[in-house]
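# Structural overview for review
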Amino acid sequence: HRNMSVFNRRGDEVYRNGYYGLDNSWWDGQSTHQNDDLSEGVYFYILKVGNKVTNEEDVYRGTIHLLN
């Protein structure tokens, strides 16, 4: 699995995809909760990738600066 979540500065989740990249869909700057374009600014992501070899979960965190 590849769980991708994106949060705004208030900590509200604005995007979620449990098959991120596996279904050839990538985040396009739209909210999956309101289906709206998000405003310009800094967003935070958490990407959790399941490792089938070790049965562990790798977690990646960072920021994304969204420009319109």
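Higher on the page you've got the structure.
Read on for a plain summary of the structure. (Residues numbered from 1 in each chain as written. Predicted model: local features only at pLDDT ≥ 70, side-chain atom pairs only at ≥ 80, totals over all residues. Heavy atoms only, no water.)

### Topic: the pairing of strand β3 (residues 41-51)
Two strands pair when backbone bridges link them, and strand β1 (residues 2-7) and β3 are joined in this way by six bridges, in the antiparallel orientation. Counterpart to Asn3 in the pairing with β3 is Lys48. As defined by bridge partners, β3 adjoins strand β4 (residues 56-66) across eleven bridges and the pair is classed as antiparallel. Opposite Leu47, over in β4, you have Tyr60 as the bridge partner. Turn length for the β3-β4 hairpin, with the two strands adjacent in sequence and antiparallel, is four residues, and the turn residue Asn55 shows positive phi of about 60°. (Pairing = 2+ DSSP bridges. Helix = DSSP H or I, 4+ residues; strand = E, 2+ residues; numbered from the N terminus.)

### Quick word on the packing of aromatic side chains
Pairs of aromatic rings are described using the distance from one ring centre to the other and the angle between the two planes. This model, assessed by the stated rule, comprises four aromatic pairs. Measuring from centroid to centroid gives 6.3 Å for Tyr15 and Tyr20, while their planes differ by 85°, and the two rings are edge-to-face. We classify Tyr15 as buried; its relative accessible area is 6%. Here the aromatic rings of Trp27 and Tyr43 are separated by 6.2 Å at their centres, their planes lie at 65°, and the arrangement is edge-to-face. Of the two residues, Trp27 sits in the loop between β2 (13-17) and β3 while Tyr43 sits in strand β3, which places them 16 residues apart along the sequence. Given the relative accessible area of 5%, Tyr43 is considered buried. A connected cluster of aromatic rings, assembled from ring pairs, spans Tyr15, Tyr20, Trp26, Trp27 and Tyr43. (Phe/Tyr/Trp six-rings, centres within 6.5 Å; stacked < 30°, edge-to-face > 60°. Buried < 20%, exposed > 50% of the residue type's maximum accessible area, 1.4 Å probe, protein only.)

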